[in-house]
Amino acid sequence: MRNEMDSTILDNFFGSEEIRKLFDDHALMQSWLDVEAALARAQASLDIIPSEAASAITAAAHIEQYNLSALAAAAKETAHPLVPLIQELAVKAGKPADRYVHLGSTTQDVMDTGFVLLARQGLDVIDRQMGELTEILRGLAIRYKTTPMAARTHGQHALPTTFGLRAAGWYDEMQRHQNRSQEMRTRLLVGSFGAAAGTLAGYGPKALKLRHAMMGELDLGEPETSWHANQDRFSECLSLFGMIASSGEKLAREVYFLGRPEIGEAFESQGVDQVCSSTMPQKQNPIRSEAVMAAAQTLRAQVPLAQAAMVAQDDRDMGAGMTLWKLLPEAFILLGGILERLIEVIGDWRIDSDAMARNLKLSGGLILSEAVMLQLSDQIGRTEAHHAVTEAVRRTMETGQSIKECLAEHEAISERLTETELAALLDPENYLGAAAEIVDRVTLNKDRNKIEERE
């Protein structure tokens, strides 16, 4: 089974080599052999098959003993990815163990459980990567918790905020993804065990005990029912991956936007040998961030397909379930690549706090109009205060005068606020609200009382 982005040229831009190896043909067939061996050992523990047979099957269940090219050719001939491997396993196990290989089982149980084993390894990597990225974001939040910048809403300057507060929001979101991943594990890491039609009839009178013993061998959760036609576990996994990818794309777009020369607040670092443009030497293209965007869009497009796989007919429907054979490995590989690149980019993000300060002053103080309006509303009410400040703002835009001058010239405002008070109200650092405290709460995981005690 060839996986996503097998091109040796393009795989530098998409995917994770570490996760790609977890889902290659070698790993995939080994996972199926692991399931077959676990089944044999569980059957032996219940005296369903001889212990010698289980030992022989286990000894033969190592992919290094097999010719992958021959198995691939046989899979094409038989139109089945697993049957040739089972046949070879029986041959290598030898007589009389061969008669007990795959006894009572069905190929979908073996294949699905194998994919669960691979998913467990993949999740270990994904969770580690999310942990690394989360700590990087936490560090940004703490380091820049009091660094002023312009908050932007609807693409326009809104109010002063801090870069640390922005980073705290990203950190908080990634933490939620970590929690979702941990919660999902108990539902995803469950073996498939239903036999031909979910009744377990082929496993004989000890079927339920066998199910328990086999999942113990694999250290997987035990399914209550067959999930041949109930693919919500894998669908949930890919749906979560789509959410994580969306968060990753948002981060990549922040890098992309803030690095524009006319913004210039933060830049993707450039390698010494990196070529951003073949014709324009001055270009500092955020190529890794762009790769994250492309991978995230590709991964997110797979979520509807994964959810469609849940719409299975009757007691088994491979027309739906087979989709996951391709989607699951690709989703892991793509998400691993997204996180890998974000760790590189965000971990080495060049932040320009001076540019943030310059941009904060671009409006000449207009960004603080809310502060003036709210101060004035204490004396004349919010509606009248909003009307007065709006008039001053319009005059600023029409005449080119500073907002401070227009506020001071407005009768309703000048009668109630001195020039000194206006100057203080128009200082961005005086209107950062609870930004620093919010960062502390999020990054220290403390409640308000504990923060106040520490201070």
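Quick caveat: nothing in here was measured; it's all calculated off a predicted structure.

Draft legend 1. Geometry of the overall build of the protein. Check the secondary structure of the protein and you find 20 helices and four strands. Taken over C-alpha atoms, the radius of gyration comes to 30 Å for the protein, far larger than the 23 Å a tight globule of 455 residues would show. Looking at the protein as a whole, 49% of its 455 residues are labelled buried. Of the contacts formed within the protein by residues at least 6 apart in sequence, a portion of 73% connects residues at least 24 apart. Element-wise, carbon and sulfur atoms account for 51% of the exposed surface of the protein, whose accessible area totals about 21800 Å². The distance from the centre of the 45 positive side-chain charges to the centre of the 65 negative ones in the protein is 1 Å.

Draft legend 2. Quick look at the packing of helix α6 (residues 107-143) against helix α19 (residues 435-444). The N-to-C vectors of α6 and α19 enclose an angle of 150 degrees; their axes lie 10 Å apart at closest approach. Relative to α19, the element α6 is oriented roughly antiparallel. Read as a crossing pair, α6 and α19 show a hand that is left-handed. Listed contacts from α19 to Arg-138, Ala-141 and Ile-142 of α6 are Val-439, Thr-443 and Leu-444.

Draft legend 3. Quick peek at the side chain of Ser-31. Note on placement: Ser-31 falls in helix α2 (residues 25-45). Within polar-contact distance, the side chain of Ser-31 engages the backbone oxygen of Leu-28 at 2.5 Å. Beyond its immediate chain neighbours, meaning those up to four positions away, Ser-31 contacts Gly-114, Leu-117 and Leu-118.

Draft legend 4. The arrangement of the environment of Lys-92 in detail. Tracing the chain through its elements places Lys-92 in helix α5 (residues 83-93). Separated by 35 residues in the primary sequence, Lys-92 and Ile-57 place their C-alpha atoms 7.9 Å from one another. With sequence-adjacent residues up to four places away left out, Lys-92 is seen in contact with Ala-60, Gln-65 and Tyr-66.

Draft legend 5. Here's a closer look at a nonpolar patch on the surface. Side chains of Leu-10, Phe-13 and Ile-287 sit close together on the surface and give an oily, nonpolar patch of about 240 Å² of accessible area. Summarising the element assignment, Phe-13 is placed in the segment before α1 (17-22).

Draft legend 6. Representation of the pattern of salt bridges. Tallied over the full model, the rule gives 24 salt bridges. The residue Arg-211 makes a salt bridge to Glu-222 at a minimum N-O spacing of 3.0 Å. Here Arg-211, found in helix α8 (residues 207-218), pairs with Glu-222, found in the loop between α8 and α9 (232-258); they are eleven residues apart in sequence, far enough to count as distant. Across the salt bridge formed by Glu-409 and Arg-395, the nearest N and O atoms sit 3.6 Å from each other. Here Arg-395 lies in helix α15 (residues 382-399) and Glu-409 lies in helix α16 (residues 403-409), a separation of 14 residues in the sequence. Note on Glu-409: relative accessible area 48%, which makes it partly exposed. In this structure, a network of salt bridges that share partners links the residues Glu-18, Arg-128 and Glu-132.

Criteria and thresholds
- Residues numbered from 1 in each chain as written.
- Predicted model: local features only at pLDDT ≥ 70, side-chain atom pairs only at ≥ 80, totals over all residues.
- Heavy atoms only, no water.
- Helix = DSSP H or I, 4+ residues; strand = E, 2+ residues; numbered from the N terminus.
- Rg over C-alpha atoms; globule rule 2.2 N^0.38 Å.
- Buried < 20%, exposed > 50% of the residue type's maximum accessible area, 1.4 Å probe, protein only.
- Contact = heavy atoms within 4.5 Å.
- Areas by Shrake-Rupley, 256 points an atom, 1.4 Å probe, with all protein chains shown as cover.
- Lys, Arg positive; Asp, Glu negative; His and termini not counted.
- Charge placed at Lys NZ, Arg CZ, Asp CG, Glu CD.
- Axes fitted to C-alpha atoms, helices over the stretch in contact; angles between N-to-C directions.
- Parallel < 35°, antiparallel > 145°, perpendicular 65-115°, else oblique.
- Left-handed = near helix turned anticlockwise from the far one by under 90°.
- Polar contact = N/O pair within 3.5 Å; in protein donor to acceptor, adjacent residues only side chain to side chain.
- Patch = residues over 30% accessible without salt bridge, like charges linked within 9 Å, V, L, I, M, F, W, Y side chains within 5 Å.
- Salt bridge = Lys/Arg side-chain N within 4 Å of Asp/Glu carboxyl O.

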